[in-house]
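# Inside the fold
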Amino acid sequence: MASIRQNHSQNALPEFRNFGVMARALLAVNLLALAAALASEADGGRALDAFVQSTVLVEPPLLASLVLLSAAAPLLRRMPYWLACAMVLALALALAAATHAALAPVAGTGMGRTLLFAGAATVVVLAYLTLHRRAHSPALAEARLQALQARIRPHFLFNSLNAVLALIRGDPRRAERTLEDLADLFRALMSDGRSLVRLADEISLIERYAAIEQLRLGERLRMAWDLDQAPVDALLPPLILQPLLENAVYHGVEPGTGIGDVLVRIERRGDRVHALIENPSHEGGAGARAGNHMALDNIRERLMLFFDADARLEARVEHGRYRVEIDMPYRRAA
Amino acid sequence: MNELRVFIADDEAPARARLKELLADIRAELPTVVAGEAANGLEVIERLPACGAQLLLLDIQMPGMGGIELARHLGGLESAPAIVFVTAHDRHAVEAFELNALDYLMKPVRADRLVAALRKASAAGPAQRERLEKAGKQTNAGAREFFSVAERNRIVLVPVAEVLFLKAELKYVTLRTRMGEHLIEEPLVAIEREFAERFIRVHRNCLVARAAVRGFERGNSGSSGAGSGEEEPHWNVVLEGVAERLPVSRRQWPAVKSLLPEAKE
């Protein structure tokens, strides 16, 4: 099973399929080209011309290598680190040489210069991405993950225990089920937060959580589930959805005296997984509860640690409803 | 028959059921009868006064109105009940209860604790209003959401958001809303302090809602109800929703004047 420990071992290639990695590589190479142009021409205007001209030579091999690297990512990952680095370098040089040969009439520089730049740029970008990854190194990322481990509100625990106590004499079977649900919930909460979990497991967890809230709140909580299109084999960081549902109940249902409708929709959109949790908004109204967006920041940061810039979390109020949406890459269990 | 009449207020049905179960369990030690139940603050205000409850078991986290504010409104009743607060987990509230010697129980409630709390609270009688006021401040629940007018055995709530201005007259303060007037017995100074963000003092005896200020007029332009300032020229404040013009004292004028750009956006 994929885990942050495996992905982030000390010497590993960057994840070429990650949008954040691609964006960084694109930016870095272009900055290097600009720096090279500035270094070769004293005059600013001429340097800019030189940069624009050089892009003709720089962009095709750059884009082509990013595409090829993302295609070859699984293959490269199985190789020893240094061999993989050499392969990346060879690929970049080959593509640069091919581009240079194809565009020789307009190139305006020698083949040696092109290869020198391609080689240097590849080494610099690989080194930069490795350093960037070390900044989010295993030890650091794990420490942060543990600190970020979602925590359930004590308010919920004690009210749930109280609700179970109320059931024991009249409906012992439902009391048993509720304690089992509570046990599962706490097992998940106390588990190691570093491994990815299957969406199916996360869904069953939030269903158990909802069952407990339903017992406490009765008809005041009206849950709607839209999970038919949910890719149950998708992998995601644990406890991403449960705190959002807990927030929906705490801020959207409990402060209201009437019925609170909560919607959970999870679906696959191409190679993305999209989740929506929606509840009535009491913002600014009577009974609104202070919330400091801790849970949202927490989830956003955990998504970032697992998916880098490739996942998004957005929250907004629309037509009196509070909506939280998550958009993340669809990764399947191996 | 010496049964203690208990009212149960909790927004979770299982929690109310549990308390009733416990009250039944301790009947031999402490006979009680459930006088009424409510699932939110407004229901308590509606139902409690008429049912002759002597003691209220009050969950502090209920929709509609927080437990401590609710307790303050009930304090105005002629036969105000003694109150035992109930909370699942709220460290701030528990600290405030301890500091102000207010009775409370933690959920899940134990039978022996329930007996002790009921005995203690019913012996002590209704909680003192100052203690509740202080506890309200300490839990930083913020300002109240309602003013309350206690009639003999009824409580009328006036949402603070609907009040356009408050005027002190002798021992009463008149609340003016779009709909009408209410008299409450609270010092204007205390109200000014509690709701500093909402109301601004325009005169020694008058607070107006900042958001309702629409403009200013010269006081000697012959408007009605301008009060006693007719000899000297002064400014009157124009409020949305009421015809009445309220004089601004010279002392308050600089502060009041600065509201206008805001009011006009």
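For every chain, the first residue of its written sequence is number 1, and the numbers climb from 1 along that sequence. Lettering for chains starts from A, numbering for ligands starts from 1, and both go in the order in which the items are written. At least 70 in pLDDT is required for a residue's local features to be given in this predicted model, at least 80 for side-chain atom pairs to be given and counted, and no such filter applies to totals for whole chains, interfaces and linings, which use all residues. Side-chain numbers here rest on the full set of heavy atoms in the structure, without hydrogens or water.

## Focus: the nonpolar core
Buried residues of nine kinds, namely Ala, Val, Leu, Ile, Met, Phe, Trp, Tyr and Cys, make up a nonpolar core once their side-chain atoms join them within 4.5 Å. With a 1.4 Å probe rolled over the protein chains alone, any residue whose accessible area is under 20% of its type maximum counts as buried; one over 50% counts as exposed, and the rest are partly exposed. In this structure, A:Ile266, A:Leu303 and A:Ile326 are the most contacted members of the largest nonpolar core, which totals 49 residues. It is helix α10 (residues 199–217) of chain A that contributes the most residues to this core, eight residues altogether. Any two residues having at least one pair of non-hydrogen atoms within 4.5 Å are treated as being in contact. When neighbours within four sequence positions are excluded, A:Ile326 is seen to be in contact with A:Ile240, A:Leu244, A:Val273, A:His274, A:Ala275, A:Ile299, A:Leu303, A:Arg312 and A:Leu313. Ranked by size, the runner-up nonpolar core spans 33 residues in total, among them B:Phe147, B:Val202, B:Leu246 and B:Trp253. Only DSSP runs of H or I covering at least 4 residues are called helices, and only runs of E covering at least 2 are called strands; the numbering of each starts at the N terminus.

## Focus: the pattern of salt bridges
Think of it this way: side chains of opposite charge can pair up when their charged atoms draw near. Here, a salt bridge means any Lys or Arg side-chain nitrogen found within 4 Å of an Asp or Glu carboxyl oxygen. Tallied over the full model, the rule gives 40 salt bridges over all chains. The partner of A:Arg24 in a salt bridge is A:Asp308, with the nearest N and O atoms 3.0 Å apart. Within this pair, whereas A:Arg24 is found in helix α2 (residues 19–40), its partner A:Asp308 is found in the loop between α12 (294–307) and β6 (312–318), the two being separated by 284 residues in sequence. Between B:Arg18 and B:Glu21 there is a salt bridge whose closest N-O contact spans 2.9 Å. Of this pair, B:Arg18 and B:Glu21 both sit in helix α1 (residues 13–25), three residues apart, roughly one helical turn. Since its relative accessible area comes to 16%, B:Glu21 is described here as buried. Each of A:Glu278, A:Arg316, A:Glu318, A:Arg321, A:Arg323 and A:Glu325 takes part in a single network of salt bridges with overlapping partners.

## A look at the sheet that holds β6(A)
All names here are of chain A. Ordered in space as β2-β4-β5-β7-β6, the five strands form an open sheet in which the pairing is mixed. Looking along the sheet, the strands with just one partner apiece sit at the ends: β2 (221–226) and β6. Between one strand axis and the next, the sheet turns by 10° as a mean value, whatever way the strands run. Relative to strand β5 (residues 272–280), strand β4 (residues 260–269) is paired through seven bridges, and the arrangement is antiparallel. Residue pairing for β5: Arg 265 is matched across the bridge by Leu 276. Sitting on the sheet, α10 is in contact with β2 and β4, with an inclination near 160° to β2. α12 rests against β6 and β7 (321–329) of the sheet, and its axis sits at about 10° to β7. A pair of strands is labelled paired if DSSP reports no fewer than 2 bridges between them. The angle between two axes is taken between their N-to-C directions and runs from 0 to 180 degrees, where each axis is a line fitted to C-alpha atoms and a helix contributes only its stretch in contact.

## Re the confidence of the model for chain A
What pLDDT expresses is the predictor's confidence in each residue, scored from 0 to 100. Per-residue confidence for chain A gives a mean pLDDT of 85, with 89% of residues at or over 70. The low-confidence segment residues 1–9 of chain A, where pLDDT is below 50, has 22 contacts with residues more than four positions distant or belonging to other chains.

## Examining empty space enclosed by the protein
A probe matching the size of a water molecule, rolled over the atoms, marks out where space remains unfilled. Points on a 1 Å grid, built from protein atoms alone, make a cavity when a 1.4 Å probe fits but cannot get out and make a pocket when they are open with protein on both sides within 12 Å along at least 5 of 7 lines; residues with an atom within 4 Å of a point are the lining residues. Grid points are joined across faces, edges and corners, and a volume is the space filled by probe spheres set on the points. Taken as a whole and assessed by the stated rule, the structure comprises four cavities of 30 Å³ or more. Lining the largest cavity we find 13 residues, and of these A:His155, A:Asn159, B:Asp59, B:Gln61 and B:Ala88 sit closest to its centre. Three categories are distinguished: nonpolar for Ala, Val, Leu, Ile, Met, Phe, Trp, Tyr, Cys and Pro, charged for Asp, Glu, Lys and Arg, and polar for the others, with Gly belonging to the last. For the lining of the largest cavity, a count of residues per class yields two nonpolar, five polar and six charged.

## Some points on the sheet that holds strand β4 (residues 82–87) of chain B
All names here are of chain B. With respect to topology, five strands assemble into an open sheet ordered β2-β1-β3-β4-β5, the strand pairing being parallel. Looking along the sheet, the strands with just one partner apiece sit at the ends: β2 (32–38) and β5 (104–106). Looking at each pair of strands side by side, their axes are set apart by 25° on average, direction ignored. Where strand β3 (residues 55–59) and β4 come together, five bridges link them in parallel fashion. If you follow Leu 56 over to β4, its bridge partner there is Ile 83. Sheet contacts for α1: β1 (4–9), β2 and β3; angle to β2, the most-contacted strand, approximately 170°.

## Let's talk about the interface of chain B and chain A
On the side of chain A, 22 residues touch chain B, which itself brings 18 residues to the contact. Buried area: the sum, over both parts, of the accessible surface (1.4 Å probe) that disappears when the two are put together. Summing both sides of the interface, chain B and chain A together bury roughly 1800 Å²; the carbon and sulfur share of this comes to 49%. By the criterion of area lost to chain A, the three top residues of chain B are B:Glu12, B:Arg18 and B:Gln61, representing 28% of everything that side buries. Across the chain B-chain A interface, the total number found is four salt bridges. Note that A:Arg220 and B:Asp11 form a salt bridge whose closest N and O atoms lie 3.2 Å from each other. Per-class residue counts for the side of chain B that touches chain A are seven nonpolar, four polar and seven charged.

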